[in-house]
Amino acid sequence: MMKRRIALILTFIAGSLGLFAFFFPGVPLFPVWPFVATANFKSASDRLDTWMVIVAGFALTLGVVNVVQTHGRKIMRQEKGWMYSVALLGGLFSMSAAGIYGLQPTEGIGKYTDGTSTPFDWIFGNIFFPLQATMFALLAFFMASAAYRAFRIRSFQATLLLAAAVIVMLGRIPFGEMISPHLSESITGTPGGAYLLPWLTNWIMDKPNSAGQSGIIIGAALGAAALSLRVILGLETSYLGQGKEG
Amino acid sequence: MADIVRKLAAIDPRIIYLVMGLAVLFPILVPIGLRVTITPPTQSAFDAIEKIAEGSRVLVSFDYGPSTSAENDPMAAAILRHCFARNLKVVSIALFPVGGDSVARDQMLLAAKEFPDKKDTVDYVNLGYKDGGQAPMKLMATDFKAVFPTDAAGRPYDSLPIMQDVKSYKDFAIAETLATGIIGEWWANLVNAQFHLDVVIGATAVSAPKYYAYLNSGNAVGLIGGLKGASEYEKLLVEKYPQFEGAYKQAGVLTATKGMDAQNIAHLAIVFFILIGNVFYVLMKRSRRAGDAA
Amino acid sequence: MSDRAPGKLDPIIALIAGVSLLLLLPVLVKLVLPAAAWESGPGPFFASFFETKNTSAFVLFVVFCSLVLISIRRARIGADLYIRPIAGLKAVDEAIGRATEMGRKILYVPGIQSMDEIQTIASLAVLGHVAKQTARYGADLDVSNRDPLTYAAARETVKQAYIEAGRPDAFRESLVNYITFDQWALTAALTGKMVREKPAAHFFIGSFYAEALMLAEVGQTTGAIQIAGTAELAQLPFFVCACDYTLIGEEFYAASAYLSRAPLLLGSIKGQDLVKGLVLAWLLLAAGLIVAAAATGGADSTGPVASLSKWMVSVLSHK
């Protein structure tokens, strides 16, 4: 019960401090002021931001500890797929070792002065970089299969989605210009006129897309604000692993 | 016939992957050199840098990692070239945790090699990576030194001539974020909306549509969307500064413009699949209706 | 609905009163103490008391908080608050039931961001409900995390849910897993899990980046029922295309209220909707005035109508 109360009080202080600092930056932070003359909401909020940077750094450490614990346990018990855990921990420790080696003043984690790579940079450039880029590149294939499956003329909305997708995809490439008629300045409003598909693409992105995105942004922002208010006031406690109020 | 149509309407995804792979590979092996047309968001991004007075400070934030390097690296290279060509002072930071620091180092190193007259810590500096997401971004508005007490090479903030008198965002003319994910939104919502620093967003193609809303509301003064946006920026750069033409035509160097060939063919392949998918879908529906009627 | 003893102060009212007092205390002290006592204090006190350029944001903030808190109060005293049916949330129980019948597990991914992201907190609220249902039905749950803090919070959430469902014995540490911090390594692990272990239901609820398409698309090929929810605009189209149900933006934030039907949370949703209605009305009025000004005086009109419309726009644009 006490643990919960302390967590809620800390949440309230941390959440409301940022808010008050935004609207009332110069108000003295009572009761720290007048012992610290410059203590106000702004300085307290800035201090809290600095602490957040430190906490975020420690969160990474927590992540590493968790990974080592979870996968170490898997290896010790030789659970299903334990060999992958060996590979994971091997990668973790070798990259960490390269980083720690780079702490030496003559080493570093970038390139040496002659342009050759430090161990950290070599692992990053030759292993990590290609692996990351490959995983992201897979998206192109999944995009194609998703488009083939999802963009069907099933309903009016689906047809609209299909039409917009085809127009934008063609409009963004020179082929779209090649197959489009040239529209005059009086129609497009752009000096010298424009080709139909690229102009239509810009219009779709600038008007309906932007309007739809704005609507979702506003709605999501209000939703986030309401949830934040509930969290700050301690009305939403699901993140503490506790039941909800009300 | 109905069976054939049904099979084609539900084509094995591996065939789609194979065709996509060939569509992307072919233009890389045999460059086509298709034309690039400039769109208003990229033009705005270019003009935003052109308007800045020489000698001003520009904040470039590397908020991406290796996964989106294919899209963001060409933008980074183009922007750095643009800034150095205009004799702007570049301060680079990184806010993306996985690889952000390394891509910042690599890009700044490449730029420095191309501009040997520019001096490290005088004309440019890499301040390195800072964890914490929006917290350091908020703190930079009041105390830059507190966020980056040293640069990426470990040199103290006060020893960097370029950072003399730099206290906050007010000492920068513009911020350029090369972003993946949500970080570009943080720059627009936090840095521009609250601290009124002009922001240009270099986003991946996946994220670019959402930034149109920020562009229209004035929270971003320019948007470079994906590889297409990067190729447009390269074209604008070469048109204004012809000395860079050689760098972009160099053999063995993949630029956004060269990469657009692959994107063009890939787009055509996807459109082709969408269209034939719908043709087979309609044929299948008709044959089903005919079967039901019979 | 209120279970408070007569004469006892509502905690929310008490909190607001306490905070206001704390805020105003220096002002009161300033008025009471002689000027000399303030020599060592913060300089231009009143000048920096209120950030005038944030006035419109402050007014909106006060209106927002008031409407939300009033709606919560109304909910607590028993007002009947309606929320429209949300298909994705109605399908949550259906998905859990399906997984139970098939004897396969439920995969829940609470996004890839840490606890400082509000979407993650919203996701954990949904996770609490899902975990309670899986505990009741005896279904298997697998919560896979990217962030260590989220992992710790998710573990506590699931544990508590199992206790509340009356099945503390069924809770195991292996229900909640920490995979890795790397986005793509996590994606590889999750897609491998989907293909090998074939969960019957996938929940992608939270903040996702580019891996959204890959997760949803691979999940789709395994035949699982997929429910996604995110406020990440860029990823919504991929979830919509590849998932059976998608919670878009604030539907996702409303999920905890919808699933629990807690009056307090329903009240908060109502308050939020009222604010949205106000903002919408303001925007429509401003747009109407702009059109009217342009129609009567041209685009650069400086008349009262044009000035009013410009002011209305500037208020919301915070410039």
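Residues numbered from 1 in each chain as written. Chains lettered and ligands numbered in written order. Predicted model: local features only at pLDDT ≥ 70, side-chain atom pairs only at ≥ 80, totals over all residues. Heavy atoms only, no water.

**Student:** How do you make sense of the overall build of chain A when you look at a structure like this?
**Tutor:** Each helix and strand in chain A was counted, giving 8 helices and 2 strands. Counting helices and strands in the order they occur from the N terminus, chain A gives α-α-α-α-α-α-β-α-β-α. Along the three orthogonal principal directions, the C-alpha set of chain A runs to about 70 × 50 × 45 Å. Residues counted as buried form 41% of the 246 residues belonging to chain A. Sequence separation of at least 24 residues holds for 31% of the intrachain contacts in chain A that already meet a minimum separation of 6. With an accessible surface of roughly 13000 Å², chain A has 72% of that area assigned to carbon and sulfur atoms. (Helix = DSSP H or I, 4+ residues; strand = E, 2+ residues; numbered from the N terminus. Buried < 20%, exposed > 50% of the residue type's maximum accessible area, 1.4 Å probe, protein only. Contact = heavy atoms within 4.5 Å. Areas by Shrake-Rupley, 256 points an atom, 1.4 Å probe, with all protein chains shown as cover.)

**Student:** Looking at this structure, I do not really get the packing of helix H7 (residues 183-197) of chain C against helix H8 (residues 211-221) of chain C. What am I missing?
**Tutor:** Helix packing for two helices is described by the angle between their axes and how far apart those axes are. Residue and element names in this part refer to chain C. Packing of H7 against H8 leaves a shortest axis separation of 9 Å and a crossing angle of 5 degrees. Accordingly, the angle class assigned to the pair H7 and H8 is roughly parallel. Residues Gln183, Trp184, Thr187, Leu190, Thr191, Met194 and Val195 of H7 form the contact with H8, whose own contacting residues are Glu211, Met214, Leu215, Val218 and Gly219. Partitioning the contact of H7 with H8 into residue classes produces 7 nonpolar, 4 polar and 1 charged. (Axes fitted to C-alpha atoms, helices over the stretch in contact; angles between N-to-C directions. Parallel < 35°, antiparallel > 145°, perpendicular 65-115°, else oblique. Nonpolar A, V, L, I, M, F, W, Y, C, P; charged D, E, K, R; others polar.)

**Student:** Mind showing me how you'd approach the environment of Ile79(B) here?
**Tutor:** All names here are of chain B. Following the sequence through the fold, Ile79 ends up in helix H4 (residues 69-85). In sequence terms Ile79 and Ile49 are 30 residues apart; their C-alpha atoms lie 8.7 Å from each other. In contact with Ile79, other than residues within four places in its own chain, are Glu176, Leu178, Ile224 and Tyr233.

**Student:** Would you take a moment to explain the interface of chain A and chain B for this structure?
**Tutor:** Between chain A and chain B, the contact holds 51 residues from the first and 57 residues from the second. For the pair chain A and chain B, the summed buried surface comes to about 4900 Å²; carbon and sulfur atoms form 67% of the total. Sorting the residues of chain A by area buried against chain B places Phe141(A), Tyr148(A) and Arg172(A) first, and these three jointly supply 15% of that buried surface. Notably, a salt bridge pairs Asp49(A) with Lys138(B), separated by 3.4 Å at the nearest N-O pair. Across the chain A-chain B interface, the total number found is 11 residue pairs in polar contact (both at pLDDT 80 or more). When contributions to the side of chain A that touches chain B are tallied by element, the ones reaching two or more residues are helix H1 (2-23), helix H2 (41-77), helix H4 (119-150), helix H5 (156-171), helix H6 (174-178) and helix H8 (196-232) of chain A. Ranked by residue count, the leading element in the side of chain A that touches chain B is H4(A), at 15 residues. (Buried area = accessible area lost by both parts, 1.4 Å probe. Salt bridge = Lys/Arg side-chain N within 4 Å of Asp/Glu carboxyl O. Polar contact = N/O pair within 3.5 Å; in protein donor to acceptor, adjacent residues only side chain to side chain.)

**Student:** Could you clarify how one ought to interpret the interface of chain C and chain A in this entry?
**Tutor:** Contacts between the two partners involve 75 residues from chain C and, on the opposite side, 63 residues from chain A. Around 6100 Å² of area is buried between chain C and chain A when both sides are counted, 76% of it from carbon and sulfur atoms. In this structure, the salt-bridge partner of Glu217(C) is Arg149(A), at a minimum N-O distance of 2.7 Å. Sort the elements by how many residues they give to the side of chain C that touches chain A and helix H3 (residues 55-76) of chain C lands first, with 9 residues. When grouped by side-chain class, the residues that make up the side of chain C that touches chain A number 52 nonpolar, 14 polar and 9 charged.

**Student:** Explain the packing of aromatic side chains to me, please; I cannot follow it from the model alone.
**Tutor:** Aromatic ring pairs are defined here through the distance separating the ring centres and the angle between the ring planes. Enumeration over the complete set of coordinates arrives at 30 aromatic pairs over all chains. Between the aromatic rings of Phe62(B) and Tyr64(B), the centroid separation amounts to 6.2 Å while the plane-to-plane angle is 40 degrees, which identifies the pairing as tilted. For Phe62(B), a relative accessible area of 0% translates into the label buried. Of the residues examined, Tyr64(B) reaches a relative accessible area of 0% and is grouped as buried. Taken together, the ring pairs connect Phe22(A), Phe23(A), Phe24(A), Phe58(C) and Phe61(C) into an aromatic cluster. Its guanidinium or amino end placed over the ring of Tyr281(B), Arg154(A) lies 6.0 Å from that ring's centre, counting from NZ or CZ. Above the face of the Tyr248(B) ring, Arg81(B) is positioned so that its terminal group lies 4.8 Å from the ring centre. (Phe/Tyr/Trp six-rings, centres within 6.5 Å; stacked < 30°, edge-to-face > 60°. Lys NZ or Arg CZ within 6 Å of the ring centre and 35° of its normal.)

**Student:** Explain the sheet that holds strand E4 (residues 174-179) of chain B to me, please; I cannot follow it from the model alone.
**Tutor:** The pairing of strands in a sheet comes from backbone hydrogen bonds and takes either a parallel or an antiparallel form. All names here are of chain B. Sheet architecture is open: 6 strands sit in the order E3-E2-E1-E4-E5-E6, paired in parallel fashion. The sheet is open, and its two edges are formed by strand E3 (124-129) and strand E6 (222-225), each paired on a single side. For this sheet, the mean angle separating the axes of adjacent strands, direction not counted, is 15 degrees. By the bridge criterion, 5 bridges tie E4 to strand E5 (residues 199-203) in an arrangement that is parallel. Bridge pairing in E5 places Leu178 opposite Gly202. Where helix H9 (residues 208-217) meets the sheet, it contacts E5 and E6, and its direction lies at approximately 170 degrees from that of E6. (Pairing = 2+ DSSP bridges.)

**Student:** Looking at this structure, how should I read the pattern of salt bridges?
**Tutor:** Opposite charge on two side chains permits pairing when their charged atoms draw close. Residues and elements named next belong to chain C. Under the counting rule described, the total for this entry stands at 27 salt bridges over all chains. Close ionic contact of Asp140 with Arg172 constitutes a salt bridge, the shortest N to O distance being 3.2 Å. Taken together, the positions of Asp140 in the loop between helix H5 (118-137) and strand E2 (141-145) and Arg172 in the loop between helix H6 (148-164) and strand E3 (176-178) put the pair 32 residues apart, joining distant regions of the chain. On the accessibility criterion, Asp140 (32% relative accessible area) is partly exposed. Judged by its relative accessible area of 41%, Arg172 falls in the partly exposed class. Via salt bridges that share partners, Lys105, Asp142, Lys193 and Glu197 belong to a single interconnected network.

**Student:** I would appreciate a short explanation of the nonpolar core in the present structure.
**Tutor:** Across soluble globular proteins, nonpolar side chains show a tendency to be buried alongside one another. Among the nonpolar cores identified, the biggest contains 102 residues, and Phe144(B), Met163(B) and Trp187(B) are the most heavily contacted of them. By residue number, the principal contributor to this core is H4(A), which donates 9 residues. Dropping the residues within four chain positions of it, Trp187(B) is found in contact with Leu59(B), Ser61(B), Asp63(B), Ile93(B), Leu95(B), Met137(B), Tyr169(B), Ala175(B), Thr177(B), Asn192(B) and Val199(B). Counting residues in each nonpolar core, the second largest holds 79 residues, with Leu69(C), Ala165(C), Tyr253(C) and Ala254(C) among its members. (Core = buried A, V, L, I, M, F, W, Y, C linked by side-chain atoms within 4.5 Å.)

**Student:** Which parts of the structure should I look at to understand the confidence of the model for chain C?
**Tutor:** Regions with low pLDDT carry predicted coordinates that are not meant to be interpreted in detail. Residues and elements named next belong to chain C. For chain C, the average pLDDT comes to 83, and 82% of its residues sit at 70 or higher. Per-residue pLDDT, averaged within each element of chain C, yields its smallest value for helix H2 (residues 45-49) (58) and its largest for strand E1 (residues 106-109) (97). Below a pLDDT of 50 lies the segment residues 1-7, which in the model reaches 10 contacts outside its immediate sequence neighbourhood of four places, other chains included. Two summary scores accompany this predicted model of the complex, namely pTM at 0.81 and ipTM at 0.80. (pLDDT = per-residue confidence, 0-100.)

**Student:** Looking at this structure, I do not really get the packing of helix H3 (residues 82-101) of chain A against H4(A). What am I missing?
**Tutor:** Residue and element names in this part refer to chain A. H4 packs onto H3 with a crossing angle of 140 degrees between their chain directions and a minimal axis gap of 8 Å. One way to sum up the angle between H3 and H4 is to call them oblique. From H3, Ser94, Met95, Ala98, Gly99 and Tyr101 reach across to H4, where they touch Pro119, Phe120, Ile123 and Phe124. Of the residues contributing to the contact of H3 with H4, the split by class is 7 nonpolar, 2 polar and no charged.

**Student:** For this particular structure, what's the right way to read the pairing of E2(C)?
**Tutor:** Remember that side chains alternate between the two faces of the sheet whenever the strand is regular. Residues and elements named next belong to chain C. The buried fraction of E2 is high, at 5 of 5 residues. Residue alternation in E2 divides its side chains into two sets, Leu141, Val143 and Asn145 and Asp142 and Ser144, and both sets are buried. This β-α-β element, E1 to H5 to E2, shows right-handed connectivity. This β-α-β element, E2 to H6 to E3, shows right-handed connectivity. (Right-handed = clockwise from strand over helix to strand, strands pointing away.)

**Student:** Would you mind going over the sheet that holds E2(C) with me for this structure?
**Tutor:** Residue and element names in this part refer to chain C. Ordered in space as E3-E2-E1-E4-E5-E6, the 6 strands form an open sheet in which the pairing is parallel. Only two strands of the sheet have a single neighbouring strand rather than two, namely E3 and strand E6 (245-248). For this sheet, the mean angle separating the axes of adjacent strands, direction not counted, is 15 degrees. Where E1 lies against strand E4 (residues 201-205), 4 bridges are found, and the strand directions are parallel. Bridge pairing links Val109 to Phe204 in E4. Strands in contact with H5 are E1, E2, E4 and strand E5 (225-230); relative to E1, the strand with the most contacts, it is inclined by about 165 degrees.

**Student:** Help me out: how do you make sense of H4(A) in this one?
**Tutor:** End to end, H4(A) covers 45 Å across 32 residues, agreeing with the expected 46 Å (1.5 Å per residue, within 8%). Along H4(A), the sharpest kink reaches roughly 35 degrees, centred on Phe128(A) and followed within four residues by the proline Pro130(A). (Expected span 1.5 Å × (residues − 1). Bend = angle between axes of the 7 residues up to and from the residue.)

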